[in-house]
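Summary of structural features
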There are 2 protein chains.
Amino acid sequence: MTEIIKKNNPVKQTRTMILDVSAKLFSQYGYNGTVIRDIAQALNMKAGSLYYHFDSKEQLVLEVLTIGIENIIDTVQREVAALPKNCSSKEIVQAATKGHLLALLEKGDYTSTSIRNLGQLPEPVQAEVLVIRDRYEDMWRKWLLDAQTNGEIKANVNLKVLRLSILGVLNRTLAWYKKGELTIEEIAGMQIGYFWDGVSA
Amino acid sequence: MTEIIKKNNPVKQTRTMILDVSAKLFSQYGYNGTVIRDIAQALNMKAGSLYYHFDSKEQLVLEVLTIGIENIIDTVQREVAALPKNCSSKEIVQAATKGHLLALLEKGDYTSTSIRNLGQLPEPVQAEVLVIRDRYEDMWRKWLLDAQTNGEIKANVNLKVLRLSILGVLNRTLAWYKKGELTIEEIAGMQIGYFWDGVSA
DNA sequence: GTCTATAAGGCGATAGAC
DNA sequence: GTCTATCGCCTTATAGAC
């Protein structure tokens, strides 16, 4: 089923390729649905060999998740940092949205596992991931609070529900996005547009 | 871990209690993370006994998922049917939203499995569930098209992205909803309010 | 209907050869 | 670094007693 990719990538380090394949399989079949033998087979290796690079399956998934979330944070921060000074809150939120979707949909194997299945992972993994995720949500808390403070967002809007709704829309995009139909920029523009300006005539 | 519930429910049929417990465990730990022994233990039964009621684990999860989606459809249709004639599209969408969240958050064990983990289930199960889910999405397609046709939704809004975004917000609510903070009606009102009228001042 | 017992195979992980 | 071989445990499912 899963093609063998090791021989086609003689440059990449084995450790990195194990992470890539693990991310892909975890993302597709879940943590409990992915077995060490599948990961090894996709790399044309034997199961036992992976334990030279990783202590356990649990450590492997934790590393995949950590890379995924930090990837989102980096991409979002880069998009926001590229904005001109004195831009509006809407522009910041739009840039953050684009960054979030870019990381999620283009390098999605690493990120989607934590979004779809965090609750099914071993407890210690959940705890570590939640620390990083909370750091990320703090960034959104700040942007939305700024927007309400400076008057761009109505005073009676519940910022917690708004933040969770925006991130909900973005994360759920994973469930239906198909490459080639709409660009990520187009989707980001529509999604924030609907929240910001509404859809009513 | 999971409490034993059989003796406390002498009335309910065993088959129904197996479904209830399975839904709860599948929803929490996923299909591959839930083992037959856990389901049996929660009912103070032995694993082998379940096979008197169900042919296989696969058939069991299929039944849970089918009940879940049909539960959403029924609840949504009831909420919409309770509206007065000649109501606006916004009222219909709001009622559907309330119904969706009611089914999802209050009887969520049955519904959340298919939303969180459909892609990780056995192929035949996925195929059957998608048929019912598509029937449900057709209802939303119609309501949103009506809304755009009668002028309530701006002509340039992409209805597909809007539908997937709305359902995305609703389904993702599972990931953060906590009983007691906000009522389901309040959340439904905010979420559709943000989409419909926007949040900008 | 539920039990005990067990089949038949899959799982994560380890040890030691190369 | 990767292999072979295997340990000990867990998994779904079945057979037959009660």
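Each chain has its residues counted from 1, following the order in which its sequence is written. Written order determines the labels here, with chains lettered from A and ligands numbered from 1. It should be noted that, the model being predicted, local features are given only for residues of pLDDT at least 70 and side-chain atom pairs only at 80 or more, the latter also being counted only at that level, while totals for whole chains, interfaces and linings use all residues. Where side-chain values are given, they derive from all heavy atoms of the structure, hydrogens and water being excluded.

**Some remarks on the protein's contact with DNA strand D**
The cut-off we apply is this: The nearness test applies per residue and asks whether one of its heavy atoms lies within 4 Å of the molecule or strand. Polar contacts, as used here, are pairs of N or O atoms within 3.5 Å; protein pairs need one atom able to donate a hydrogen and one able to accept it. Residues neighboring in sequence count only if both atoms are side-chain atoms. Here the term charged refers only to Asp, Glu, Lys and Arg, the term nonpolar to Ala, Val, Leu, Ile, Met, Phe, Trp, Tyr, Cys and Pro, and the term polar to all other amino acids, Gly among them.
Around DNA strand D, 17 residues are found, and the nearest of them are K46(A), S49(A), H53(A), Y51(B) and K57(B). Atoms of DNA strand D within 4 Å of the protein: sugar and phosphate make up 66%, bases the balance. Note that a phosphate oxygen of DNA strand D is positioned 3.4 Å from one of the side-chain N or O atoms of T14(A). Between DNA strand D and S49(A) there is a distance of 2.6 Å, counted from a phosphate oxygen to a side-chain nitrogen or oxygen. Taken together, the residues that form the surface near DNA strand D break down as 5 nonpolar, 7 polar and 5 charged.

**Re the protein's contact with DNA strand C**
Residues in contact with DNA strand C amount to 16 residues; listed here are only the nearest, Y51(A), K57(A), K46(B), S49(B) and H53(B). Of all atoms in DNA strand C that approach within 4 Å of the protein, 65% are sugar or phosphate atoms. Here K46(B) contributes a backbone N or O atom positioned 2.8 Å from a phosphate oxygen of DNA strand C. Residues that form the surface near DNA strand C fall into these classes: 5 nonpolar, 7 polar and 4 charged.

**Section: the interface of chain A and chain B**
As a reminder, the rule being used: Any two residues whose heavy atoms approach within 4.5 Å at even a single point are treated as in contact. Reported buried area values correspond to the accessible surface (1.4 Å probe) lost by two parts on association, with both partners' losses combined. Basic side-chain nitrogens of Lys or Arg form a salt bridge, by our definition, when they fall within 4 Å of a carboxyl oxygen of Asp or Glu. Here a helix means four or more residues in a row that DSSP labels H or I, a strand means two or more in a row labelled E, and each is numbered from the N terminus.
Counting from both sides, the interface comprises 39 residues of chain A and, opposite them, 38 residues of chain B. With both chains or domains summed, chain A and chain B bury close to 3,500 Å², and 58% of this area falls on carbon and sulfur atoms. For the chain A face of the interface with chain B, the top three residues by lost area are R172(A), Y194(A) and V199(A), together amounting to 20%. Remark: the boundary between chain A and chain B carries 2 salt bridges. Inspection of the region where chain A meets chain B yields 22 residue pairs in polar contact (both at pLDDT 80 or more). A per-element tally of the side of chain A that touches chain B places helix α7 (residues 159-172) of chain A first, with 9 residues.

**Observations regarding the pattern of salt bridges**
The test is simple: Type-normalised accessible area, obtained with a 1.4 Å probe on protein chains alone, sets the label of each residue: buried when under 20%, exposed when over 50%, and partly exposed for intermediate values.
If you walk through the whole model with that rule in mind, you get 20 salt bridges over all chains. The residue R141(A) makes a salt bridge to D134(A) at a minimum N-O spacing of 3.8 Å. With a relative accessible area of 32%, R141(A) lands in the partly exposed category. Judged by its relative accessible area of 39%, D134(A) is partly exposed. Across the pair K98(B) and E185(B) runs a salt bridge, and its minimum N-O distance is 3.7 Å. Of this pair, K98(B) sits in helix α4 (residues 89-106) while E185(B) sits in helix α8 (residues 184-197), placing them 87 residues apart in sequence. By sharing partners, the salt bridges in this structure join E79(A), K98(A) and E185(A) into a single network.

**A few points about unusual backbone geometry**
Residues and elements named next belong to chain A. Of note in the backbone geometry, N44 takes a positive phi value of approximately 60° without being a glycine. Here N44 is to be found in the loop between α2 (36-42) and α3 (57-81). Residue class for N44 comes out partly exposed when judged on its relative accessible area of 42%.

**Details of the domain arrangement of chain A**
All names here are of chain A. Going by this rule: Note that the domain bounds were set by an automatic or database domain assignment.
Assigned domains within chain A: domain 1 (1-54) and domain 2 (56-197). For domain 1 and domain 2, the distance between their C-alpha centres works out to 27 Å. Facing the 18 residues of domain 1 at the interface are 18 residues of domain 2. Of the roughly 1,500 Å² buried at the junction of domain 1 and domain 2 (both faces included), carbon and sulfur atoms supply 62%. Of all residues in domain 1, the largest losses of buried area upon contact with domain 2 belong to S27, Y31 and F54, amounting jointly to 41% of the total for that side. Along the contact surface separating domain 1 from domain 2 lie 1 salt bridge.

**Here's the deal with the packing of aromatic side chains**
Worth spelling out the cut-off: In this analysis, rings of Phe, Tyr and Trp, with Trp reduced to its six-membered ring, are considered paired at centre separations within 6.5 Å, and the interplanar angle assigns stacked below 30 degrees, edge-to-face beyond 60, and tilted for intermediate values. Our definition puts a charge over a ring when NZ of Lys or CZ of Arg is within 6 Å of the ring centre and also within 35 degrees of the ring normal.
Across all of its chains, the model carries 5 aromatic pairs over all chains by this definition. Relative to W143(A), the ring of W140(A) has its centre 5.6 Å away and its plane inclined at 80°; by these criteria the two rings are edge-to-face. Remark: W143(A) and W140(A) occur in helix α6 (residues 123-149); sequence separation between them is 3 residues, near one turn of the helix. For W140(A), a relative accessible area of 0% puts it in the buried group. Of the residues examined, W143(A) reaches a relative accessible area of 11% and is grouped as buried. An angle of 35° between the planes, with centres 5.7 Å apart, marks the rings of F26(B) and Y31(B) as tilted. Lying over the aromatic face of Y31(A), K57(A) brings its terminal NZ or CZ to 4.4 Å of the ring centre.

**Some words on the packing of α7(A) against α8(B)**
Quick reminder of the rule: Orientation is described by axes fitted as lines to C-alpha atoms, over the contacting stretch for helices, and by angles from 0 to 180 degrees between their N-to-C directions. Oblique is the label for any angle not under 35 degrees, not over 145, and not in the 65 to 115 range, which are roughly parallel, roughly antiparallel and roughly perpendicular in turn. A crossing counts as left-handed when the near helix is turned anticlockwise from the far one by less than a right angle, and as right-handed when that turn is clockwise.
Where α7(A) contacts α8(B), the axes come no closer than 10 Å and their chain directions differ by 70°. Here α7(A) lies roughly perpendicular to α8(B), going by the angle between them. Our pair here, α7(A) against α8(B), has a crossing hand that is right-handed. Residue-level inspection shows V161(A), L162(A), S165(A) and V169(A) of α7(A) in contact with α8(B), the latter providing M190(B), Q191(B), Y194(B) and F195(B). A class-by-class count of the residues in the contact of α7(A) with α8(B) yields 6 nonpolar, 2 polar and no charged.

**As for the relation of the copies chain A and chain B**
Quick note on the threshold: The copies were overlaid by least squares, fitting only the C-alpha atoms of residues that reach a pLDDT of 70 or more in each copy.
Least-squares fitting of chain A to chain B yields an RMSD of 0.0 Å, with the transformation described by 0.0 Å of translation along the axis and a rotation of 180°. Expressed as an axis order, the relation between the two copies is that of a two-fold axis. Residue G198(A) of chain A places its C-alpha closer to the rotation axis than any other residue of that unit, at 1.8 Å. A share of 97% of the interface residues of chain A reappears at the interface of chain B, consistent with the copies meeting face to face through the same patch.

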